[in-house]
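An overview of the molecular structure
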Amino acid sequence: MQSFRRTSHHFLRHASRRLSTACQGSGLKVNANRLWETLHETCQWGAAHRHGENPTDTGMARLTLDDNDARVRRWFAAEVEKLGCSLSIDQMGNMFARQKGKLQTSAPMIAMGSHLDTQPRGGRYDGILGVMAALEVLRTMKENGFQTNYDVGIVNWTNEEGARFPKSMCSSGVWAGAIPIEKAWDLRDIHDSSVTLKSELERHGFLGQIECSHTASPLAAHFELHIEQGPVLQETGRSIGVVQGAQGYRWLTFTVKGRDAHTGTTPLSARQDPLLAASRMIAASNDIAQKHNALASTGIFRIPSNASTNTVASEVSFTLDIRHPQDSVVHAVQEECLQAFSAIAAQDGKGVTFNWTLDTDSPAVKFDQGCLESIQAAAKHLVGPDQWMNISSGAGHDSVYTSHHCPSAMIFVPCRDGVSHHPTEYCSPEHCALGAQTLLEAVVHYDQTKVQNLK
Ligand SMILES: [Zn+2]
């Protein structure tokens, strides 16, 4: 709730000034080939799961702080230093590359951030595109002698995926103060509990001196380019998504209790059948979600391990994951499900009982209006009025945590068939370049607006 208020505050602060949203464009053009080649060159570290003939027809398995992640981190450090950036690394191994602006101020930098780690069966674009596009933005600025007013830079966030060390958006979470650093440091490799995230930071020399926090490393803004990881842009024929925020979600677990009974001798009217009731509940949750244009999903369904064909089960449990961009809708879907489940519990035979727990409550996030205006201006300038759309993120990203402490927003580009977290994940060279160009224009627009607002 606290985070929501903070983002509302950003919204009001920006809305109270009349921002000019027209975008003349920076006059710069990113180098599409260089971006494409750099991205795939760095995928040599962690390439896995070949699925086609072309050199780039592989997925990725570059898990947080494994040897390949360390290699790409060292490469990244060398590249940003070549550009004349200063590089600082905090206690979670987050890498902050910073390029001086014209104003020569010590004000926080305008950041472009994402992550270089992948899922074990991941693709070449999730997170990687965001960092490589940010690097291409700085390279383009440098070779054109272009300087922003404020400092700009790149953040490579450690362990976004939470695949090897099981906590997603881990280090932006520590930076935001939402995850205690001791807890993050102590995360264990899921295959080898003797290895911790901290021991791997030490082994590779990425345990920095700087405290991991939004006060030690403040950011003026955080822009993140990411593949959509869903089918909406492709299906609607749009090439840029201006991400308004991330949807809220609640995870619940239901336990439904009945009584074991012989299926041959117990009439339907005499049964207390929890499996039947749970099935009706899951079907009802889907109807309710559809009515609200929300999402409701059951990912886990448990029946007793000693279940048998000719016995009515005694107890079952299932999870329910409810999502919508507005918290009020998430709550309404939950309430209606509870009412419907009560009715269902009394419906068949002698009825069943159920109880439930709330396991996770993640409120919706609304991104910053000022950042969104800069991205929209960039999108309109680059693709005209019909090729971009406002969109909401279905997944979590580092920008969700940065939005608690600095103006943040995201840019989506389409990925083929919405496929992600899979080796065949694909974003075309044109869309990668368009995403990078949008990132560049948004950052330049934001930087210029910030200066105008001083006057
Ligand atoms: Zn990602």
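Residues numbered from 1 in each chain as written. Predicted model: local features only at pLDDT ≥ 70, side-chain atom pairs only at ≥ 80, totals over all residues.

Considering the overall build of the chain
A count of helices and strands for the chain gives 13 helices and 20 strands. Taking 23 Å as the expected radius of gyration for a compact globule of 455 residues, we find that the chain reaches 24 Å, a close match to that expectation. C-alpha extents for the chain along the principal axes are approximately 85 × 50 × 45 Å. Taken across its 455 residues, the chain has 48% of its residues classed as buried. Pairs at least 24 residues apart make up 79% of the contacts formed inside the chain by residues separated by at least 6 positions. (Helix = DSSP H or I, 4+ residues; strand = E, 2+ residues; numbered from the N terminus. Rg over C-alpha atoms; globule rule 2.2 N^0.38 Å. Buried ≥ 20, exposed ≤ 12 C-beta atoms within 10 Å, placed from the backbone. Contact = placed C-beta atoms within 7 Å.)

Quick notes on the environment of Thr 236
Residue position: Thr 236 is located in helix 8 (residues 232-236). The exposure class of Thr 236 is exposed, given the 12 C-beta atoms found within 10 Å. Taking C-alpha positions, Thr 236 is 9.2 Å from Met 389, a pair spaced 153 residues apart along the chain.

Considerations on the nonpolar core
In this structure, Leu 129, Val 137, Ile 154, Ile 411, Ala 436, Leu 439 and Val 443 are the most contacted members of the largest nonpolar core, which totals 91 residues. Counting 25 residues, the second-largest nonpolar core is a separate cluster that includes Leu 276, Met 281, Val 316 and Phe 318. (Core = buried A, V, L, I, M, F, W, Y, C linked by C-beta atoms within 7 Å.)

Points about the packing of helix 2 (residues 32-42) against helix 4 (residues 128-143)
At a minimum axis separation of 10 Å, helix 2 and helix 4 run at an interaxial angle of 135°. Put simply, helix 2 runs oblique to helix 4. As for the relative orientation of helix 2 and helix 4, their crossing is right-handed in sense. Contacts between helix 2 and helix 4 involve Arg 34, Leu 35, Thr 38 and Leu 39 from the former and Ile 128, Leu 129, Met 132, Ala 133, Leu 135 and Glu 136 from the latter. Split into classes, the residues belonging to the contact of helix 2 with helix 4 amount to seven nonpolar, one polar and two charged. (Axes fitted to C-alpha atoms, helices over the stretch in contact; angles between N-to-C directions. Parallel < 35°, antiparallel > 145°, perpendicular 65-115°, else oblique. Left-handed = near helix turned anticlockwise from the far one by under 90°. Nonpolar A, V, L, I, M, F, W, Y, C, P; charged D, E, K, R; others polar.)

Thoughts on the UniProt feature "domain: Peptidase M20 dimerisation" (unreviewed entry) in the chain
Mapped onto the present numbering, the UniProt feature "domain: Peptidase M20 dimerisation" (unreviewed entry) falls at residues 246-347. In this annotation, residues 246-347 is assigned 37% helix and 29% strand; the end-to-end C-alpha distance for the span is 37 Å. (UniProt positions renumbered as here; feature names shortened; annotations may be inferred.)

Digging into helix 11 (residues 369-383)
Taking 1.5 Å per residue, 15 residues should reach 21 Å; helix 11 reaches 21 Å between its end C-alpha atoms and fits that length. If you check which residues of helix 11 are buried, you get Gln 369, Gly 370, Cys 371, Leu 372, Glu 373, Ser 374, Ile 375, Ala 377, Ala 378 and Ala 379. Positioned one or two residues after helix 11, Gly 384 has a phi angle of 75°, which is positive. (Expected span 1.5 Å × (residues − 1).)

Section: the packing of helix 4 against helix 13 (residues 429-454)
Two numbers describe a pair of packed helices, the interaxial angle and the distance between the axes. Where helix 4 contacts helix 13, the axes come no closer than 9 Å and their chain directions differ by 60°. As far as their axial angle goes, helix 13 and helix 4 are oblique. Both helix 4 and helix 13 take part in a crossing whose hand is right-handed. Across from Leu 129, Ala 133, Ala 134, Glu 136, Val 137 and Thr 140 in helix 4, the residues of helix 13 making contact are Cys 432, Gly 435, Ala 436, Leu 439, Leu 440 and Val 443. Tallied by class, residues from the contact of helix 4 with helix 13 come to nine nonpolar, two polar and one charged.

Concerning the pairing of strand 5 (residues 109-114)
Side-chain direction in a regular strand flips from residue to residue, so the side chains alternate between the two faces of the sheet. In terms of burial, strand 5 is a largely internal element, six of the six residues being buried. Residues Met 109, Ala 111 and Gly 113 point to one face of strand 5 and Ile 110, Met 112 and Ser 114 to the other, with burial holding for every one of them. In terms of strand pairing, strand 5 meets strand 9 (residues 219-227) through four bridges, oriented parallel. Note that in strand 9 the partner of Met 112 across the bridge is Phe 223. Handedness of the crossover joining strand 5 and strand 6 (residues 152-156) through helix 4 is recorded here as right-handed. (Pairing = 2+ DSSP bridges. Right-handed = clockwise from strand over helix to strand, strands pointing away.)

A short note on unusual backbone geometry
The backbone of Gln 229 sits at a positive phi, close to 65°, despite the residue not being glycine. In this structure, Gln 229 sits in the loop between strand 9 and helix 8. If you check the backbone angles, Asn 293 has positive phi at about 60° while not being a glycine. You can see Asn 293 is positioned in the loop between helix 9 (274-292) and strand 13 (295-297). A tally of 10 C-beta atoms within 10 Å means that Asn 293 is categorised as exposed.

A few points about the environment of His 445
Position of His 445 among the secondary structure elements: in helix 13. Each C-alpha atom, one on His 445 and one on Thr 148, is 9.8 Å from the other, the two residues being 297 residues apart in sequence.

Here we look at the confidence of the model for the chain
Confidence in the prediction for the chain averages 94 pLDDT; 95% of positions are at 70 or higher. Scored below 50 in pLDDT, residues 1-21 shows 26 contacts in the model against residues more than four places distant or in partner chains. (pLDDT = per-residue confidence, 0-100.)

Considering the environment of Glu 235
You can see Glu 235 is positioned in helix 8. On a C-alpha basis, the gap between Glu 235 and Pro 414 in space is 9.4 Å, while along the polypeptide they are 179 residues apart.

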